[in-house]
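Take a look at the letters that make up each chain.
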Amino acid sequence: MEGRKKPNPIASLKEWLGHNKHFELIEVFKRFDEEETMEVSKEVLFDAFQQAHLPFDKTNMELLIDQLDGEGREVVVYSDLVDADQNKWLDERLTKYNTLNKTE
């Protein structure tokens, strides 16, 4: 029996963002970042992604958000997401995830 690959939440997010051009990450921060720090807690981001109907179950949503919180601070920082090129940042997270989980 062949082993199942672990889900790759960053790849799934990239694909979803590619198909849902109306969804802008900046809007999540503008809407849910009451202190205007451009940081949102992992809990808030989880709720925002659920409201946006991202196609993830709870476990995969948690995996995704853990990957977005690359520093383990329990918050996701918008500037980390967009850097100079959002796809570059997501690609770096994807590479890190694949390396840690040895997916192909």
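Before reading on, note that the structure itself is shown above.
We now turn to the structure provided with this report. Just so you know, these numbers come straight off a predicted model, no measurement behind them.

What counts and how
Residues numbered from 1 in each chain as written. Predicted model: local features only at pLDDT ≥ 70, side-chain atom pairs only at ≥ 80, totals over all residues. Heavy atoms only, no water. Helix = DSSP H or I, 4+ residues; strand = E, 2+ residues; numbered from the N terminus. Buried < 20%, exposed > 50% of the residue type's maximum accessible area, 1.4 Å probe, protein only. Salt bridge = Lys/Arg side-chain N within 4 Å of Asp/Glu carboxyl O.

### Regarding unusual backbone geometry
- Unlike most non-glycine residues, H53 shows phi in positive territory, near 65°.
- As for its position among the elements, H53 is in the loop between helix 3 (42-51) and helix 4 (58-68).
- Among the residues examined, H53 registers a relative accessible area of 64% and is labelled exposed.
- Positioned with a positive phi, E74 is a non-glycine residue whose angle comes to about 70°.
- Position of E74 among the secondary structure elements: in the loop between helix 4 and strand 2 (75-77).

### Quick word on the pattern of salt bridges
- Applying the stated criterion across every chain, the model contains 6 salt bridges.
- Note that R73 is salt-bridged to E39, the shortest N-O span being 3.0 Å. Placement of R73 in the loop between helix 4 and strand 2 and of E39 in strand 1 (residues 39-41) is noted, with a sequence separation of 34 residues between them.
- Residues joined by salt bridges that share partners form a network here, namely K42, D66, D69 and E74.

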